[in-house]
Protein chains: 2
Amino acid sequence: MRIGEKPEIARLPLFREMAEKQRDLVLAGSYLQVFPPQLTLFEAGQDADFLHVLVDGLVELFVQGAGRDTTMRIVEPISSYILAAAVTDMPYLMSARTLASSRILLVPAAQLREAIREDSALMHAAMHELALGYRDLVRALADMKVRQSAERLGNCLLEYSNRRGNRDQFELIGEKRLLASLLGMTPENLSRAFGTLKNHGVALDGSQVTIENRERLRLFARPDPVPGDSR
Amino acid sequence: MRIGEKPEIARLPLFREMAEKQRDLVLAGSYLQVFPPQLTLFEAGQDADFLHVLVDGLVELFVQGAGRDTTMRIVEPISSYILAAAVTDMPYLMSARTLASSRILLVPAAQLREAIREDSALMHAAMHELALGYRDLVRALADMKVRQSAERLGNCLLEYSNRRGNRDQFELIGEKRLLASLLGMTPENLSRAFGTLKNHGVALDGSQVTIENRERLRLFARPDPVPGDSR
DNA sequence: GCCACTCCTTGATAAACATCAAGTCGAGCG
DNA sequence: CGCTCGACTTGATGTTTATCAAGGAGTGGC
């Protein structure tokens, strides 16, 4: 891999605390590759040969079940994904595809597992990352079970805003149908959900979202009382 | 804690591989307590002071969001729960209540975290446990998003059967409304879902489920192609 | 044995959501 | 500039699910 990428990758929560020697060893065995948009990186059921680190671009994790696809996560740089499959040496549960031209670091899973055994700080970071991911999923599943679509969208927008320092205006990432799939609804219903949120303090112009009245939105969306991890 | 419990607890995946001395230390600092049925053990938002290990009885993990409750997991003995909150030192995301009179081992979370730092095998086990839990949740979330209620029930029954050595007949644990909440539907719709499954190889008598035609059920429920972890 | 209670089931109705079918808008291209 | 194309929106309709209401079946208490 190019030396220029190393500082950013070394700063990732997953790799930050580990011994530098171990990190260099792991990264030396990894490949930094560029993939075109709309390329399937791997499919559910395949052996998890690599941990992925998205350095640049955009990646979608999805599962194809019961006829249709549903997106499970939108990965933005810089972050790793499919850690759970990599550390357990089990097949991928999700498939992945690039949404934009992407630079991805491929860390051989076997080598990662060995480094985890050797380096206690790395193992601790992996454990922590998995625990945070677990909590995200608990939240997402509960959301899916108890809230209806417009509420889910409202919470999602509040969370997006939160991630960007509570800005009141921001751009949606990717196409709207992607967001619809992430939220477990059809693109048609996403449109309608934005329609209902108009009456609750949210304005939409293209992919530009403006939270005009945060209190009103919170009242409608009833966000989780336990705050998120906001990584 | 009573010495009689130790062998079973020591055999748990989470504690199995760690150094015996460390394990004794951790267990010595833990409390084994008996709780009556229908008692709230903790609520979402509280600090995660303890890792719980259900030794005997039945526990429900649930979240109360947007007016109604939804059960996230039914814990059967012997297994630990809320590991993610305990290792990250973050507030509980879920609440817990006993469904039956239960014996529960309360492991102080601070002590657990210290043991994890000291004992690499324990840390590895915790990481593994979290990764498996993560994968379970990925599956559950995808299930919730792409399948409709009768299909979800079908898959759930196939999984229950799977956990009991692919027996064709088994008892449902707990009340049906609990299962309904776990599957994200109302008790009324669970009844109707069992009704539809009658035409797809499933018979129900009280809480006794019989899979009369597994192939037919699989055809209807379209189970996940990637098999579960079947712990 | 009878009553009260809870759980479960069944049916009728309403709400939420998906699907189908146009139609609008804007980007890219000849 | 006009064309095509795809993404998005909007409306009409159908399916799925929740809600409301009532009735049955089993259990425990008296």
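All values reported here derive from a predicted model rather than from experimental measurement.

What counts and what doesn't
- Residues numbered from 1 in each chain as written.
- Chains lettered and ligands numbered in written order.
- Predicted model: local features only at pLDDT ≥ 70, side-chain atom pairs only at ≥ 80, totals over all residues.
- Heavy atoms only, no water.
- Salt bridge = Lys/Arg side-chain N within 4 Å of Asp/Glu carboxyl O.
- Helix = DSSP H or I, 4+ residues; strand = E, 2+ residues; numbered from the N terminus.
- Buried < 20%, exposed > 50% of the residue type's maximum accessible area, 1.4 Å probe, protein only.
- UniProt positions renumbered as here; feature names shortened; annotations may be inferred.
- Least-squares fit on C-alpha atoms with pLDDT ≥ 70 in both.
- Near = heavy atom within 4 Å.
- Polar contact = N/O pair within 3.5 Å; in protein donor to acceptor, adjacent residues only side chain to side chain.
- Domains from an automatic or database assignment.
- Contact = heavy atoms within 4.5 Å.
- Buried area = accessible area lost by both parts, 1.4 Å probe.
- Phe/Tyr/Trp six-rings, centres within 6.5 Å; stacked < 30°, edge-to-face > 60°.
- Lys NZ or Arg CZ within 6 Å of the ring centre and 35° of its normal.
- Pairing = 2+ DSSP bridges.
- Axes fitted to C-alpha atoms, helices over the stretch in contact; angles between N-to-C directions.
- Nonpolar A, V, L, I, M, F, W, Y, C, P; charged D, E, K, R; others polar.

Draft legend 1. Local environment of the pattern of salt bridges. Residues and elements named next belong to chain A. Following the criterion strictly, the structure yields 20 salt bridges over all chains and no others. One salt bridge in this structure joins R97 and D69, with 3.7 Å as the shortest N-O distance. One end of the pair, R97, is in strand 7 (residues 95-98); the other, D69, is in strand 5 (residues 68-75), and 28 residues separate them in sequence. Here D143 makes a salt bridge to R147, at a shortest N to O gap of 2.5 Å. Across this residue pair, the class does not change: D143 and R147 are buried.

Draft legend 2. How the structure looks around the UniProt feature "domain: Cyclic nucleotide-binding" (unreviewed entry) in chain A. Residues annotated in UniProt with the feature "domain: Cyclic nucleotide-binding" (unreviewed entry) correspond here to residues 14-133 of chain A. Secondary structure over residues 14-133 of chain A splits into 35% helix and 37% strand, and the C-alpha atoms at its two ends are 12 Å apart.

Draft legend 3. Layout of the relation of the copies chain A and chain B. Overlay of chain A on chain B (RMSD 0.0 Å): rotation 180°, translation along the axis 0.0 Å. The two molecules are tied by a two-fold rotation axis, judged by turn and shift.

Draft legend 4. Here's a closer look at the protein's contact with DNA strand C. By nearness alone, 16 residues border DNA strand C, and N189 and R192 of chain A together with K176, R177 and S191 of chain B come closest of all. Taking all atoms of DNA strand C within 4 Å of the protein, the share assigned to sugar and phosphate is 69%. The side chain of N189 of chain A places a nitrogen or oxygen atom 2.6 Å from a phosphate oxygen of DNA strand C. Note that a phosphate oxygen of DNA strand C is positioned 2.6 Å from one of the backbone N or O atoms of K176 of chain B. Only helix 9 (187-197) of chain A together with helix 8 (176-182) and helix 9 (187-198) of chain B provide two or more residues apiece to the surface near DNA strand C.

Draft legend 5. Seen up close, the domain arrangement of chain A. Residues and elements named next belong to chain A. Considered domain by domain, chain A is made up of domain 1 (3-142) and domain 2 (148-221). Taken together, the contact between domain 1 and domain 2 spans nine residues of the former and five residues of the latter. Carbon and sulfur atoms supply 65% of the area buried between domain 1 and domain 2, which totals about 670 Å² over both sides. The largest contributions to the domain 1 side of the interface with domain 2 come from T71, I74 and E76, which together make up 65% of the buried area. Applying the counting rule to domain 1 against domain 2 returns zero salt bridges. Along the contact surface separating domain 1 from domain 2 lie two residue pairs in polar contact (both at pLDDT 80 or more). It is strand 5 that provides the largest number of residues to the side of domain 1 that touches domain 2, a total of six residues.

Draft legend 6. Region of the structure containing the packing of aromatic side chains. The tally for this structure, following the rule as stated, stands at six aromatic pairs over all chains. Taken together, a centroid distance of 6.4 Å and an interplanar angle of 80° make the contact between Y160 of chain B and F170 of chain B edge-to-face. With Y160 of chain B in helix 7 (residues 149-163) and F170 of chain B in strand 9 (residues 169-171), the pair connects residues that are ten residues apart, well separated along the chain. For F170 of chain B, a relative accessible area of 4% gives the class buried. Stacked on the ring of F62 of chain A, the Lys or Arg R97 of chain A has its end atom at 3.9 Å from the ring centre.

Draft legend 7. How the structure looks around the sheet that holds strand 1 (residues 31-35) of chain A. Residues and elements named next belong to chain A. Taken in spatial order, the four strands line up as 1-8-3-6 in an open sheet, and their pairing is antiparallel. Taken across any chain shown, the strands that pair with only one partner, and hence form the sheet edges, are strand 1 and strand 6 (79-81). Within this sheet the neighbouring strands show an average axis-to-axis angle of 30°, counted without direction. The pairing of strand 1 with strand 8 (residues 102-108) spans five bridges and is classified as antiparallel. Residue pairing across strands places F35 opposite S102, the latter belonging to strand 8.

Draft legend 8. Summary view of the interface of chain A and chain B. Between chain A and chain B, the residue contacts involve 49 residues of the former and 49 residues of the latter. For the pair chain A and chain B, the summed buried surface comes to about 4500 Å²; carbon and sulfur atoms form 77% of the total. Its largest share of buried area at the contact with chain B, chain A owes to L93, Y134 and K145 of chain A, together 16% of the area lost on that side. If you look at where chain A meets chain B, you find zero salt bridges. Taken together, the connections running from chain A to chain B amount to ten residue pairs in polar contact (both at pLDDT 80 or more). Counting only elements with at least two residues in the side of chain A that touches chain B, the list comes to strand 4 (59-65), strand 5, helix 4 (83-88), helix 6 (120-146) and helix 8 (176-182) of chain A.

Draft legend 9. Spatial organisation of the protein's contact with DNA strand D. By nearness alone, 16 residues border DNA strand D, and K176 and S191 of chain A together with Q148, S149 and N189 of chain B come closest of all. The contact atoms of DNA strand D, taken as those within 4 Å of the protein, divide so that sugar and phosphate hold 69%. Between DNA strand D and S191 of chain A there is a distance of 2.5 Å, counted from a phosphate oxygen to a side-chain nitrogen or oxygen. Residues belonging to the surface near DNA strand D are distributed by class as follows: two nonpolar, six polar and eight charged.

Draft legend 10. Structural detail: the sheet that holds strand 9 (residues 169-171) of chain A. Residue and element names in this part refer to chain A. The strand order across the open sheet built from three strands is 9-11-10, with neighbouring strands paired in antiparallel fashion. The strands lining the two open edges of the sheet, one partner per strand, are strand 9 and strand 10 (202-205). If you compare each strand with its neighbour and ignore which way they point, the axes differ by 20° on average.

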